[in-house]
Amino acid sequence: MKVVVLTGAGISAESGVPTFRDADGLWEGHHVEDVATPEAYDAQPFVVHRFYDARRKALAAVAPNPAHHALARLEEALGDDLLVVTQNIDDLHERAGSSRVLHMHGELLSAVCRACRSRSRWERDLADLPPCPRCGTPDLRPDVVWFGEIPYEMDRIYLALESADLFVSIGTSGAVYPAAGFVQQAAAYGARTLELNLQVSEVTTLFDETRHGRAGELVPAWVEELLGR
């Protein structure tokens, strides 16, 4: 059985990953969208760097939860027949033990050079404009897909959806495309579809089956069920 799993903010939220939004939807007086576009970076790079530097540092204070660990167990059983596509830019899947993870929106622990386009593992701040490890140009930016940019490896994702027997969406709102359209893509090629989410999403009605509750409870139960335990 080939399985494609899509994970969103809901799975990381249960680990305590901070949203950096105040009650009024702002971060230090800025709309979060204002630090997540190429235009925002060109206009105020220091502010954008500070935002992502803070998020990068916050990763040390969180840990994978039972949902992440359950998906790692599923990979142990299915091997190459499982692909986890995540909209999250944290490293919680990897820290739980998963290796077949595709970060369609990039990764906090990576930087991309605007001069040579190389991508580098990165754990330090970027606000002090360090040089690119490859070309030496001080033009590194967060390796994160911003609004208006194309997510990573879409061709690989669509190929996986076309061959999937089961597509599972975990902790996503169904509001952000192209990920919100994955359920239709998978279903069009004959996959069974399952949604595991805290509440009804914008695409709930498109799934064959939906289960509502906390990811930390639903995902381990589903994995054990799938593995026949």
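All figures in this text were calculated on a predicted structure; none of them were measured in a lab. (Residues numbered from 1 in each chain as written. Predicted model: local features only at pLDDT ≥ 70, side-chain atom pairs only at ≥ 80, totals over all residues. Heavy atoms only, no water.)

Attention now moves to the sheet that holds strand 1 (residues 3-7). Read across the sheet, six strands follow the order 5-4-1-9-10-11 without closing on themselves; strand pairing throughout is parallel. The two strands at the open ends of the sheet, each matched to only one other strand, are strand 5 (101-103) and strand 11 (209-212). The average undirected angle you get between the axes of adjacent strands in this sheet is 15 degrees. Here five bridges tie strand 1 to strand 4 (residues 82-86), and the two strands are oriented parallel to one another. When the bridges of strand 4 are listed, Val4 appears paired with Leu83. Relative to the sheet, helix 4 (residues 66-78) contacts strand 1, strand 4 and strand 9 (166-170), its axis offset from that of strand 4 by approximately 150 degrees. (Pairing = 2+ DSSP bridges. Helix = DSSP H or I, 4+ residues; strand = E, 2+ residues; numbered from the N terminus. Axes fitted to C-alpha atoms, helices over the stretch in contact; angles between N-to-C directions. Contact = heavy atoms within 4.5 Å.)

Counted residue by residue, strand 10 (residues 192-197) has five buried out of six residues, so it is predominantly covered. Bridging between strand 9 and strand 10 involves five bridges; their strand directions are parallel. Residue Phe167 lies in a different strand from strand 10, and its bridge partner there is Thr193. This β-α-β element, strand 9 to helix 7 (residues 182-188) to strand 10, shows right-handed connectivity. (Buried < 20%, exposed > 50% of the residue type's maximum accessible area, 1.4 Å probe, protein only. Right-handed = clockwise from strand over helix to strand, strands pointing away.)

Bringing the packing of helix 4 against helix 8 (residues 215-226) into the picture now. Interaxial distance between helix 4 and helix 8 falls to 7 Å at its minimum, and their mutual angle equals 20 degrees. Between helix 4 and helix 8, the crossing angle belongs to the class labelled roughly parallel. Note on packing geometry: the crossing formed by helix 4 with helix 8 is left-handed. Contacts between helix 4 and helix 8 pair Pro66, Ala67, Ala70, Leu71, Arg73 and Leu74 from the former with Ala215, Gly216, Val219, Pro220, Trp222, Val223, Glu224 and Leu226 from the latter. (Parallel < 35°, antiparallel > 145°, perpendicular 65-115°, else oblique. Left-handed = near helix turned anticlockwise from the far one by under 90°.)

Okay, the environment of Ala187 next. The residue Ala187 is located in helix 7 in this model. On the basis of relative accessibility, which here comes to 39%, the residue Ala187 falls in the partly exposed class. In this structure the C-alpha to C-alpha distance between Ala187 and Phe167, which are 20 residues apart in sequence, comes to 8.2 Å.

By the definition in use, this model includes five aromatic pairs. Between the aromatic rings of Phe51 and Tyr52, the centroid separation amounts to 4.9 Å while the plane-to-plane angle is 85 degrees, which identifies the pairing as edge-to-face. According to the relative accessible area criterion, Phe51 is buried, its value standing at 1%. Considering the side-chain rings of Tyr52 and Trp146, the 6.2 Å spacing of their centres and the 40 degrees angle between planes classify their relative orientation as tilted. Here the residue Tyr52 occupies a position in helix 3 (residues 45-58), and Trp146 occupies one in the loop between strand 8 (140-144) and helix 6 (154-163), the gap between them amounting to 94 residues. Per residue, the accessibility class of Tyr52 equals that of Trp146, and both read buried. (Phe/Tyr/Trp six-rings, centres within 6.5 Å; stacked < 30°, edge-to-face > 60°.)

Looking now at helix 6. An α-helical turn contains 3.6 residues, so a residue and the one three or four places further along point in the same direction. Restricting attention to buried positions, one finds in helix 6 the residues Met154, Ile157, Ala160 and Leu161. Along the axis of helix 6, the buried residues cluster in a sector spanning 125 degrees; they form a single face. Facing away from the buried side of helix 6 by more than 90 degrees, the exposed set consists of Asp155 and Leu159. Check the buried side of helix 6 and you find it contacts strand 1, strand 4, strand 5, strand 9 and helix 7. (Arc of directions from axis to C-beta.)

Functional significance is not addressed by these values, which are geometric in nature.
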